[in-house]
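Here are the chains, one letter per residue:
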Amino acid sequence: MFTGIITGVGRIAAVRDLGASREHGKRVTVEAPAGYLEDVGLGDSIALNGACMTVTSLDPAQGHFTVDVSAESLDKTSGLAEPGPINLEKALRAHDRLGGHIVAGHVDGIGTVSHFAPVGESHELRVLAPGSLARYLAYKGSVTVNGVSLTVNSVRDAAQGCELSINLIPHTVQNTALHALQAGSRVNLEIDLIARYVERMLGAGATKVAA
């Protein structure tokens, strides 16, 4: 479990194929901020742009670690297979503050940035989400964009999907990899966990379990 509060901005330094076919994944080497890996061990979970991954090797002294990303994960996420900045969050500990919202680290869909520009001291970020996620997105609800817990300011349903507008304060822009976004960028989206269960309960309400 995670909170959507980014604890470091790293950089994908290298991507290596784990095999020659499309069924093979990739080994990704990530450079972490200084001191970030001091309390990390092999097998720990770290979210990369909101996707929960397992640390397969690490070198705290050199400040880098690796994860193996399966072909399935590569197909369902964005930004994990090419060099560049990446948002990092270590798994939630029982005594940590829940500063954002409950995040599973499971990407539900890939959105496309339709607008990203300064508005006053902040930035407005608009993302076109897949239509299949529209029922989970609500005004003042929570959504995770590339691993960052954010509040939805408005939702507009359209023929090509659902466009949500988000306000990013300067701190968020300066301390996450979201500053590198531009129109056309693909982003990982995770819906609110509570919304997921509410939709399931409502959909299953009329179904009776056989004795």
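Here, the structure is the one placed above.
A brief report on the enclosed structure follows. This structure is a prediction, so every number in the text was calculated from the model and none was measured.

Moving on, we get to the packing of aromatic side chains. Applying the stated rule across the entire model yields zero aromatic pairs. Stacked on the ring of Tyr 36, the Lys or Arg Lys 90 has its end atom at 4.3 Å from the ring centre.

Once that is clear, we can look at the sheet that holds strand E6 (residues 84-90). Strand order in the closed barrel formed by six strands is E1-E2-E5-E4-E3-E6, with antiparallel pairing between adjacent strands. Across the sheet, the mean angle from the axis of one strand to that of its neighbour is 45°, orientation sign disregarded. The pairing of strand E4 (residues 51-59) with strand E5 (residues 64-69) spans four bridges and is classified as antiparallel. In the sheet register, Val 55 faces E5, and the bridge partner there is Val 67.

Applying the stated criterion to the full structure yields two cavities of 30 Å³ or more. Considering only enclosed or pocket space, the largest cavity measures out at about 40 Å³ in volume. Surrounding the largest cavity, Phe 2, Ile 6, Ala 47, Gly 50, Asn 87, Leu 88, Glu 89, Val 103, Thr 144 and Gly 147 form its lining. A per-element tally of the lining of the largest cavity places E6 first, with three residues. Per-class residue counts for the lining of the largest cavity are five nonpolar, four polar and one charged. By volume, the second largest cavity amounts to about 30 Å³.

Our focus in this paragraph is the sheet that holds strand E12 (residues 186-191). Strand pairing in a sheet is mediated by backbone hydrogen bonds. Such pairs are either parallel or antiparallel. An order of E7-E8-E11-E10-E9-E12 is seen for the six strands of this closed barrel, with the pairing classed as antiparallel. With direction set aside, neighbouring strand axes in the sheet form an average angle of 45°. For strand E7 (residues 109-119) and strand E8 (residues 122-129), the ladder comprises seven bridges, and the chain directions are antiparallel. Looking at E8, one finds that His 115 is bridged to Arg 126.

Okay, unusual backbone geometry next. The residue Asn 49 is not glycine, and still its phi comes out positive at about 50°. By the element assignment, Asn 49 lies in the loop between strand E3 (45-48) and E4. Of note in this structure, Lys 140 is not a glycine but carries a positive phi near 70°. With respect to the helices and strands, the residue Lys 140 is situated in the loop between E8 and strand E9 (142-145). Judged by relative accessible area, Lys 140 falls into the partly exposed class, the value being 49%.

For the rest of this paragraph, the subject is a nonpolar patch on the surface. A grouping of Ile 194, Tyr 197, Val 198, Met 201 and Leu 202 is seen on the molecular surface, where their side chains present a nonpolar patch of about 580 Å² in accessible area. The residue Met 201 is located in helix H3 (residues 193-203) in this model.

Analysis parameters
- Residues numbered from 1 in each chain as written.
- Predicted model: local features only at pLDDT ≥ 70, side-chain atom pairs only at ≥ 80, totals over all residues.
- Heavy atoms only, no water.
- Phe/Tyr/Trp six-rings, centres within 6.5 Å; stacked < 30°, edge-to-face > 60°.
- Lys NZ or Arg CZ within 6 Å of the ring centre and 35° of its normal.
- Pairing = 2+ DSSP bridges.
- Helix = DSSP H or I, 4+ residues; strand = E, 2+ residues; numbered from the N terminus.
- Axes fitted to C-alpha atoms, helices over the stretch in contact; angles between N-to-C directions.
- 1 Å grid on protein atoms, 1.4 Å probe; cavity = no way out; pocket = protein on both sides within 12 Å on 5 of 7 lines; lining within 4 Å.
- Points joined across faces, edges and corners; volume = space filled by probe spheres on them.
- Nonpolar A, V, L, I, M, F, W, Y, C, P; charged D, E, K, R; others polar.
- Buried < 20%, exposed > 50% of the residue type's maximum accessible area, 1.4 Å probe, protein only.
- Patch = residues over 30% accessible without salt bridge, like charges linked within 9 Å, V, L, I, M, F, W, Y side chains within 5 Å.
- Areas by Shrake-Rupley, 256 points an atom, 1.4 Å probe, with all protein chains shown as cover.
- Salt bridge = Lys/Arg side-chain N within 4 Å of Asp/Glu carboxyl O.

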